[in-house]
Amino acid sequence: MDWQALWLSGKLALVTVLILLPLSILAARMLAYRQFRGKSLIEALIMVPLVLPPTVVGYYLLVSFGSQSVLGVWLRDTFGIELVFHFSGLVLASVLVNIPFAIQPIQRAFEAIPMDVRDAAACCGMSRFNILTRIELPMIWPGLVTALVLTFSHVLGEFGVVLMMGGNISGETKTISIAIYDSVQAFDFDSAGAMSLILLLFAISALALTTSLSRRMGGSHGRGH
C-alpha cells in the first residue's frame, strides 16, 4: 500500500472540492434561474469533460502552461508559479475536469425548488443573500452532498489528466491511481489489488449515497408540486 500516494490523492480531492463547491453554487444558481443568450452553449461547455478523454484535457493544459508556453513563462517570471509537474497543476486540472460533477447536481437541486417558495420569501422582504443562505441552501443540501461526493470520488480515480499534467513524482504528483499503475508495471499485484479495493469500496459507497440522495431530491420535488 502506497500510503503517501493515497494521502496525496485525498489532499487533492479535498482541495478540489473546497475550490469547486462555492463556485459551483453560484454558477448552478445562475443557470437554474436565469435565461440568457448563450446559456445552452455554456451548459454544453460545462459537460465537455464528461465526453472528452482526460488525456486530451491534460494535453491542452500541458501545452498551455508548459515551461515553453507564453502563459507558462509569464506565470513563472511574474509570480514564480510553475504548474506542470507540480501539485498546483494537479489542482487546476482536477478543478477543470470535475466542473460537471460539481455543477450538475447543484443546478438540478436549485431547479427542484418551487418558484412560489422563493417568491414568498421575496415578498416577505428577504434579500437575495438571505434567500440563498436561509431558504435555498437548506433545501438543496442533497444536491450539495451529491456534488461533494461525486467530485471527491472522481478526483481519487483520476489518471490520464494527472499523468499528463503532473507526471509521476513521489510526494508531489504521484496519486493512488498512478501508484496502482506502477504496481502493475512492477508485477506487484498484491499492492495493486489492495489499493484498487480501497477505490472500489469508496466508489460503491459514493454511488449508493448519491443514488439515495437523488431519490430524496425527487421525492422532495414531487411533494413541492
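Here is a short report on the structure shown in this document. (Residues numbered from 1 in each chain as written. Predicted model: local features only at pLDDT ≥ 70, side-chain atom pairs only at ≥ 80, totals over all residues. Heavy atoms only, no water.)

Moving on, we get to the pattern of salt bridges. Here the idea is simple: oppositely charged side chains can pair when their charged atoms come close. Enumeration over the complete set of coordinates arrives at four salt bridges. Residues Glu-111 and Arg-108 are paired through a salt bridge, measuring 3.0 Å at the closest nitrogen-oxygen approach. With Glu-111 and Arg-108 both in helix α6 (residues 99–111), this residue pair falls three residues apart, about one helical turn. Given a relative accessible area of 40%, Arg-108 falls into the partly exposed group. Where Asp-182 meets Lys-174, a salt bridge forms, and the shortest distance between an N and an O atom there is 3.5 Å. Of the residues examined, Asp-182 reaches a relative accessible area of 23% and is grouped as partly exposed. By relative accessible area, Lys-174 is classed as buried at 17%. (Salt bridge = Lys/Arg side-chain N within 4 Å of Asp/Glu carboxyl O. Helix = DSSP H or I, 4+ residues; strand = E, 2+ residues; numbered from the N terminus. Buried < 20%, exposed > 50% of the residue type's maximum accessible area, 1.4 Å probe, protein only.)

This part covers a nonpolar patch on the surface. The grouping of Leu-71, Trp-74, Phe-79 and Ile-81 at the surface amounts to a nonpolar patch, some 390 Å² of accessible area in total. Along the chain, Phe-79 turns up in helix α4 (residues 70–79). (Patch = residues over 30% accessible without salt bridge, like charges linked within 9 Å, V, L, I, M, F, W, Y side chains within 5 Å. Areas by Shrake-Rupley, 256 points an atom, 1.4 Å probe, with all protein chains shown as cover.)

Considering the arrangement of structural elements, one finds Arg-29 in helix α1 (residues 3–33). On a C-alpha basis, the gap between Arg-29 and Arg-108 in space is 9.4 Å, while along the polypeptide they are 79 residues apart. Sequence-distant contacts of Arg-29, that is, excluding residues within four places in its chain, are made with Phe-110, Arg-118, Arg-128, Leu-132 and Glu-136. Here the side chain of Arg-29 touches Glu-136 through a polar contact of 2.7 Å, side chain to side chain. (Contact = heavy atoms within 4.5 Å. Polar contact = N/O pair within 3.5 Å; in protein donor to acceptor, adjacent residues only side chain to side chain.)

Glancing now at the packing of α1 against helix α9 (residues 141–156). When two helices pack together, their arrangement is given by the angle between the helix axes and the distance between those axes. Closest axis-to-axis distance for the α1/α9 pair is 9 Å, and the angle between their directions is 145 degrees. The chirality of how α1 crosses α9 is right-handed. In this structure, α1 uses Ser-9, Gly-10, Leu-12, Ala-13, Leu-14, Thr-16, Val-17, Leu-20, Leu-21 and Ile-25 to contact α9, whose residues at the interface are Leu-144, Ala-147, Leu-148, Thr-151, Phe-152, Val-155 and Leu-156. (Axes fitted to C-alpha atoms, helices over the stretch in contact; angles between N-to-C directions. Left-handed = near helix turned anticlockwise from the far one by under 90°.)

With that out of the way, let us pick up helix α3 (residues 54–65). Residues spaced three or four apart along an α-helix point in a common direction, a consequence of the helix completing one turn every 3.6 residues. Between the first and last C-alpha of α3 there are 16 Å, a value that for 12 residues agrees with the 16 Å anticipated at 1.5 Å per step. Every buried residue of α3 is accounted for by Val-57, Gly-58, Leu-61 and Phe-65. Along the long axis of α3, the arc covered by the buried residues comes to 95 degrees, so they all point the same way. Buried-residue contacts for α3 involve α4, α5 (87–97) and α10 (160–166). (Expected span 1.5 Å × (residues − 1). Arc of directions from axis to C-beta.)

To continue, consider the layout of surface pockets. Its volume calculated, the largest pocket comes out at about 290 Å³. Residue assignment for the lining of the largest pocket shows that the elements contributing at least two residues are α1, α7 (115–123) and α8 (128–139). Residue contributions to the lining of the largest pocket peak at four residues, all from α1. (1 Å grid on protein atoms, 1.4 Å probe; cavity = no way out; pocket = protein on both sides within 12 Å on 5 of 7 lines; lining within 4 Å. Points joined across faces, edges and corners; volume = space filled by probe spheres on them.)

Another aspect to go through is α1. Here α1 contains 31 residues, and its C-alpha end-to-end distance of 44 Å stays within 8% of the 45 Å for a straight helix at 1.5 Å per residue. Taken as a whole, α1 carries its principal kink of about 30 degrees at Ser-24. (Bend = angle between axes of the 7 residues up to and from the residue.)

What follows deals with the packing of α1 against α5. Across the interface, α1 lies against α5 with an axial gap of 9 Å and an inter-helix angle of 55 degrees. It follows from the interaxial angle that α1 and α5 lie oblique. Along this stretch, α1 crosses α5, giving a crossing that reads as right-handed. Here Leu-8, Lys-11, Leu-12, Val-15, Thr-16, Ile-19 and Leu-20 of α1 come into contact with α5, specifically with Phe-87, Leu-90, Val-91, Ser-94 and Val-95. Classifying every residue of the contact of α1 with α5 by side-chain character gives nine nonpolar, two polar and one charged. (Parallel < 35°, antiparallel > 145°, perpendicular 65-115°, else oblique. Nonpolar A, V, L, I, M, F, W, Y, C, P; charged D, E, K, R; others polar.)

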